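Examination of the molecular architecture
Given next are the chains, with one letter for each unit.
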Amino acid sequence: MTTRPGFLATCIAALIAVFLLMPLVAVIPVSFTPNRYLSLPDGEWSLRHYRALVENPAWIKGFGLSVLIGLISSVLATGLALLFSLGIWILQPRHAGLWMSIALLPMVAPPVVSALTLYFFLITLSKFNDFIAFDTWAGVALAHTVMIAPYAVVLITVALAQVDRRIDLAARGMGAGLMRRIRSIILPNIRFGVISALLLTFVLSWEEIGVTLFITSVNAVTLPRLMWMGLRDNINPAIAAVSVILIAVVMLGILTKTVLQRFAKGLPR
Amino acid sequence: MPHITRSALLLVPLLGFMVLTYLLPFLGIMQWSVTLPEPGLGQYEAALTDPLVLSVFLRTLRICLVVTLIAVVAAYMVTLLWVRGSPAQRLVIELCILIPFWISVLTRAFGWLALLSTKGFLNTWMQSLGVLSEPLTMVRNEFGVVVGMVHFLIPFAAFSLASAMRTVDERVLLAARGMGASRTRVFAQVFVPMTLPGILGAGLVVFVFALGFFITPALLGGGRSVMVAELIYLRIFQSPNWGLAAAISMIMMVGVGGLLALLMRQARPSGPR
């Protein structure tokens, strides 16, 4: 006797799994089309859209800009989130819930409302300077920091929740100061949480399009913004080539993680 | 105590940052909604009476309800196998959920365009098989929007359903089976009721998410089935009416806030685990 799902349930789940993978698989042949428009390679396969990616300066610039913005905003967001989460954990302040909800606001508000808010923020700043302003890379990096910081707060807070308070109390009892406790006691215990916060926030900034669409026009064109333009007007198969590369990177990452986890489980304890 | 004040300084940077970059500009949007183009609640009145805006609100609600229903049911079936299947099945399903989850919304929308457009895979295949004589229109309409949104939201629903399903005690299911209940009956009368809070929670999360959708409807709807988020974009950048866009944003924020409050009450543990 078993409580495993039956044959019918397995079949339905398999169909849904196929549905989930379908659009990702469909992108692959399109990227090899010899034509300039969205079409299937008809006997003739071509690498021209991949070549376009390395030869066309717009794609190279978009790629570079996305990496730059991703690095700056993920480091900034994780740094701010780390300080904040440490403060909440150490102090356990009375209004922790209120502080937390302010910190998480950009994550729970509808993205389009955040986009409008950050648009307002940046056009207001544009009146005073043209560095952190509408349609500049620094403005985008700042806006991304706002959007991704809540995710870093969540990950680091979860990591902190697993730290045994007694080791911190012991260190404090033995006379360690605040900085010493953070540096030698707390940080080593949450380093995986901090690293995953950095990774997640980088990916979120790298993919961000909803807010980016509101706060850029022609100068700060990130990779997603470039893809958006290619999808909106007439569909450019070069996007398929970018997509195939991104899908390959994601699959590689997930498979590596899965294999590593299996391997770690297989080791003797 | 100096110690308390020093560690309180840790909270200041992020809170200050959020107040400066988010809360104050948000107040600015609020101000837009009651001052542009003239002071008063005119824009709210317009948002709630203008037939065009109303039709967008209604369409958004309708699409979101349909999408939530389909996404939660589909996610339930796939999560069933993810949580309760054999180890091999679990691994395959996990990959099928995680890989799309990590892939950009733009790539996914592009994939659906490649599959569903009039010269896409599905139409080409069905025509060459002789099933169709004329291509079916499956994107640039509500169908495409629903497909794209369901695809985007299934992983989110699956995550929250999985945590609900993992708390189900397998011995309860075994007991029901032992007392002679059929598989179907155990599923319908024991398993589903036990995971009902999880289903409601997942539904609420997915619905709130769906309300704010912008990219997928804009690309797969092709400007023909505009939803609230896209309307805000259009009122800022294409046929400007900033006050109206701000008022719609405020209405949306209140709606989502209400739903989130509901979700918080839902999430609060109500009984022994």
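Below is a short write-up of the structure. Treat the numbers as computed from the prediction; the structure is a model and nothing was measured.

On to the packing of helix α4 (residues 51-84) of chain B against helix α11 (residues 196-211) of chain B. Residues and elements named next belong to chain B. Look at α4 against α11: their axes get within 9 Å of each other, and the N-to-C directions meet at 140 degrees. By the angle class used here, α4 and α11 are oblique. The handedness of the crossing between α4 and α11 is right-handed. Residues T60, L61, C64, L65, T68, A71, V72 and Y76 of α4 form the contact with α11, whose own contacting residues are I199, A202, G203, V206, F207, A210 and L211. Here the residues of the contact of α4 with α11 are counted per class, giving twelve nonpolar, three polar and no charged.

At the junction of the two partners, chain A supplies 89 residues and chain B supplies 85 residues. Across the chain A/chain B interface, buried area totals approximately 8,100 Å², and carbon plus sulfur atoms make up 83% of it. Where chain A meets chain B, there are one salt bridge. In this structure, the salt-bridge partner of B:E230 is A:R232, at a minimum N-O distance of 3.6 Å. Considering each element in turn, the side of chain A that touches chain B owes the most residues, 16 residues, to helix α1 (residues 7-31) of chain A. Tallied by class, the residues present in the side of chain A that touches chain B amount to 71 nonpolar, twelve polar and six charged.

Before going further, it helps to spend a moment on the environment of A:G210. Looking at where A:G210 falls in the secondary structure, it is placed in helix α9 (residues 210-215). A C-alpha to C-alpha distance of 10 Å links A:G210 and A:V113, two positions 97 residues apart in sequence. Dropping the residues within four chain positions of it, A:G210 is found in contact with A:A115 and B:I215.

Residue and element names in this part refer to chain A. Running from N to C, helix α3 (residues 57-91) and helix α8 (residues 178-207) point in directions that differ by 145 degrees, and their axes come no closer than 8 Å. Between α3 and α8 the crossing geometry is right-handed. In the contact of α3 with α8, the residues fall into 19 nonpolar, seven polar and one charged.

Tallied over the entire structure, the rule returns 28 aromatic pairs over all chains. Plain terms: the ring middles of A:F214 and B:F237 are 5.4 Å apart, the flat faces sit at 70 degrees to each other, and that makes the pair edge-to-face. On the criterion of chain membership, the pair formed by A:F214 in helix α9 and B:F237 in helix α13 (residues 228-237) is interchain, its members lying in two chains. Residue class for A:F214 comes out buried when judged on its relative accessible area of 0%. One aromatic cluster is present, built from ring pairs that chain together A:Y119, A:F120, A:F134, A:F214, A:W228, B:W32, B:F214, B:Y233, B:F237 and B:W242.

The rules behind these values
- Residues numbered from 1 in each chain as written.
- Chains lettered and ligands numbered in written order.
- Predicted model: local features only at pLDDT ≥ 70, side-chain atom pairs only at ≥ 80, totals over all residues.
- Heavy atoms only, no water.
- Axes fitted to C-alpha atoms, helices over the stretch in contact; angles between N-to-C directions.
- Helix = DSSP H or I, 4+ residues; strand = E, 2+ residues; numbered from the N terminus.
- Parallel < 35°, antiparallel > 145°, perpendicular 65-115°, else oblique.
- Left-handed = near helix turned anticlockwise from the far one by under 90°.
- Contact = heavy atoms within 4.5 Å.
- Nonpolar A, V, L, I, M, F, W, Y, C, P; charged D, E, K, R; others polar.
- Buried area = accessible area lost by both parts, 1.4 Å probe.
- Salt bridge = Lys/Arg side-chain N within 4 Å of Asp/Glu carboxyl O.
- Phe/Tyr/Trp six-rings, centres within 6.5 Å; stacked < 30°, edge-to-face > 60°.
- Buried < 20%, exposed > 50% of the residue type's maximum accessible area, 1.4 Å probe, protein only.

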